[in-house]
Amino acid sequence: MDSANSTPTNKEPEEESRNRFLVFIILVLLLLITLLGWQYWNQRQTVVEKIKIVEIEKYRTDSLTQDLIGLQGEYATLKTSNKAIQAQLDSKKDTITMLMQQAQKYRNDPYIIAQLKKETTTLRKIMQGFVHTIDSLNTLNHELTDERNTAVQSLNEEKKTSSELKKEKGELQDKVLKGSLLQATAINATAVFFRFGRKEVNTEKGKKAEKLKVQFSIAANRITAAGNKTVYIRVISPDAKELSKTADESSLFDFEGTKGFYSGMQTVDYANQEMALSIYCESNVGFISGKYIIKIYADEAEIGETTLTLK
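Given the structure is predicted, the values throughout are model-derived calculations rather than measurements.

What counts, and at which threshold
- Residues numbered from 1 in each chain as written.
- Predicted model: local features only at pLDDT ≥ 70, side-chain atom pairs only at ≥ 80, totals over all residues.
- Heavy atoms only, no water.
- Helix = DSSP H or I, 4+ residues; strand = E, 2+ residues; numbered from the N terminus.
- Buried < 20%, exposed > 50% of the residue type's maximum accessible area, 1.4 Å probe, protein only.
- Contact = heavy atoms within 4.5 Å.
- Areas by Shrake-Rupley, 256 points an atom, 1.4 Å probe, with all protein chains shown as cover.
- Phe/Tyr/Trp six-rings, centres within 6.5 Å; stacked < 30°, edge-to-face > 60°.
- Lys NZ or Arg CZ within 6 Å of the ring centre and 35° of its normal.
- Expected span 1.5 Å × (residues − 1).
- Polar contact = N/O pair within 3.5 Å; in protein donor to acceptor, adjacent residues only side chain to side chain.
- Pairing = 2+ DSSP bridges.
- Axes fitted to C-alpha atoms, helices over the stretch in contact; angles between N-to-C directions.
- Salt bridge = Lys/Arg side-chain N within 4 Å of Asp/Glu carboxyl O.

(A) Geometry of the overall build of the chain. Looking only at helices and strands, one finds three helices and 11 strands in the chain. Counting all 311 residues of the chain, 26% fall into the buried class. Counted over contacts in the chain with a minimum sequence separation of 6, partners at least 24 positions apart contribute 66%. Carbon and sulfur atoms form 54% of the exposed surface of the chain, whose accessible area is close to 21,300 Å².

(B) Examining the packing of aromatic side chains more closely. Summed over the entire model, instances satisfying the criterion amount to eight aromatic pairs. Measuring from ring centre to ring centre gives 6.4 Å for phenylalanine 194 and tyrosine 280, while their planes differ by 50°; the resulting arrangement is tilted. Here tyrosine 280 lies in strand β9 (residues 275–281) and phenylalanine 194 lies in strand β1 (residues 184–195), a separation of 86 residues in the sequence. Exposure remark for tyrosine 280: the relative accessible area of 30% places this residue in the partly exposed category. Ring centres of tyrosine 232 and phenylalanine 253 lie 4.7 Å apart, and the angle between their planes is 20°; on these two criteria the pair is classed as stacked. Of the two residues, tyrosine 232 is situated in strand β4 (residues 227–236) and phenylalanine 253 in strand β6 (residues 252–255); the sequence distance between them amounts to 21 residues. Positioned above the aromatic ring of tyrosine 280 is the side chain of lysine 211, whose terminal nitrogen or guanidinium carbon lies 5.8 Å from the ring centre.

(C) Seen up close, unusual backbone geometry. We note that alanine 186 has phi near 50°; this positive angle belongs to a residue other than glycine. With respect to the secondary-structure elements, alanine 186 resides in strand β1. Its identity as a non-glycine residue notwithstanding, glutamate 300 has a phi of 65°, on the positive side. Structurally, glutamate 300 can be placed in the loop between β10 (290–298) and β11 (301–310).

(D) Here's a closer look at helix α2 (residues 83–105). Taking 1.5 Å of rise per residue, the 23 residues of α2 would be expected to cover 33 Å, and the 33 Å separating its terminal C-alpha atoms lies within 8% of that figure. Where α2 is concerned, the buried positions are Ile85, Gln86, Leu89, Ile96, Leu99, Met100 and Ala103. Structurally, the start of α2 carries an N-cap: the backbone nitrogen of alanine 84 is 3.1 Å from a side-chain oxygen of asparagine 82.

(E) Focus on the sheet that holds β1. Ordered by their spatial adjacency, four strands build an open sheet running β2-β1-β3-β9, and the pairing between neighbours is antiparallel. Since the sheet does not close on itself, it has two edges, and those belong to β2 (199–203) and β9, each with one partner. Ignoring strand direction, the axes of neighbouring strands in this sheet form an average angle of 35°. Note that strand β3 (residues 211–218) and β9 share seven bridges and pair antiparallel. Counterpart to serine 217 in the pairing with β9 is alanine 276.

(F) Representation of the pairing of β10 in the model. In terms of burial, β10 is a largely internal element, seven of the nine residues being buried. Where β4 and β10 come together, six bridges link them in antiparallel fashion. Its bridge partner lying in β10, arginine 234 is registered against lysine 295. As paired strands, β10 and β11 are joined by nine bridges and run antiparallel to one another. Residue pairing for β11: lysine 295 is matched across the bridge by glutamate 305. Taking the residues that link successive antiparallel strands as the turn, the β10-β11 hairpin has two residues, and the phi of aspartate 299 there is positive, at about 55°.

(G) Expanded view of the pattern of salt bridges. A complete count under the given rule lists 10 salt bridges for this structure. Among the salt bridges present, the one from lysine 117 reaches aspartate 67, with a minimum N-O distance of 3.9 Å. One end of the pair, lysine 117, is in helix α3 (residues 110–180); the other, aspartate 67, is in helix α1 (residues 2–76), with 50 residues separating them in the sequence. In this structure aspartate 67 comes out as partly exposed when scored by relative accessible area, which is 31%. The salt bridge partner of aspartate 254 is lysine 259, with a shortest N-O separation of 2.6 Å. Where salt bridges share partners, they join Lys295, Glu302 and Glu305 into one cluster.

(H) Main features of the environment of alanine 226. Within the secondary structure layout, alanine 226 lies in the loop between β3 and β4. Sequence-distant contacts of alanine 226, that is, excluding residues within four places in its chain, are made with Tyr270, Ala271 and Asn272.

Structure representation (structure tokens):
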């Protein structure tokens, strides 16, 4: 009996021990599963966070690139004729190009991207300063242009007025000059010869003429200066030669900016009153038939003219 009852009693502790072992194994497995699950969840969260970070950094990089592209376009619209400011604008454009290259090169480096964004913000502020400066310069240029145009218009008006005054002055001077010139009136020219060397006889024949006698009056003129006046007679023969007593420089005189030969001359004391003159003209080559042109000069200007025809 004792022997039969002892066998079941020994089996119970073994089963109980086995059950405990199984429970322990199950608990260990549950713990491992829980640990693995936690590690999986943790790693998944890490991956998600990394993906988010990458996406955020990509967004930041793309956003930075877009900002730089937009800033580059805004700088391109700034135009100025000021060479110093234009040189600064060109320098900033080059800086933007460099930042764009760095943004692509360091697109996965958050620190550098952040620094590049700061530089972009600074460039935008600088651009706003350029906009203000250029606007001020343009306004000033418009004002200066208006002032210059006004000054030019005023100057042109003054030049026009001055030109008109000069013209009027010139015309007045011409009138005064013309008014101051002596005038020969009642001009009469005849050819003469001297009978028995003393008695003066008029002739119409060139071969008999010894001299030409020119008679005229100098009109009264209160504008011209009084004093000694030398009156010259210039005679042009039918064959277009200037007649004179001699053919050398002693018979030359100045008139109207040139020189010519005179055939007769006389110096008178002119007192602004009318005076009558009679001047004899000579020729070292004699006289021929034909038409003679006789011109009278005083103060280097022609004051009268007549003609004489000899047979």
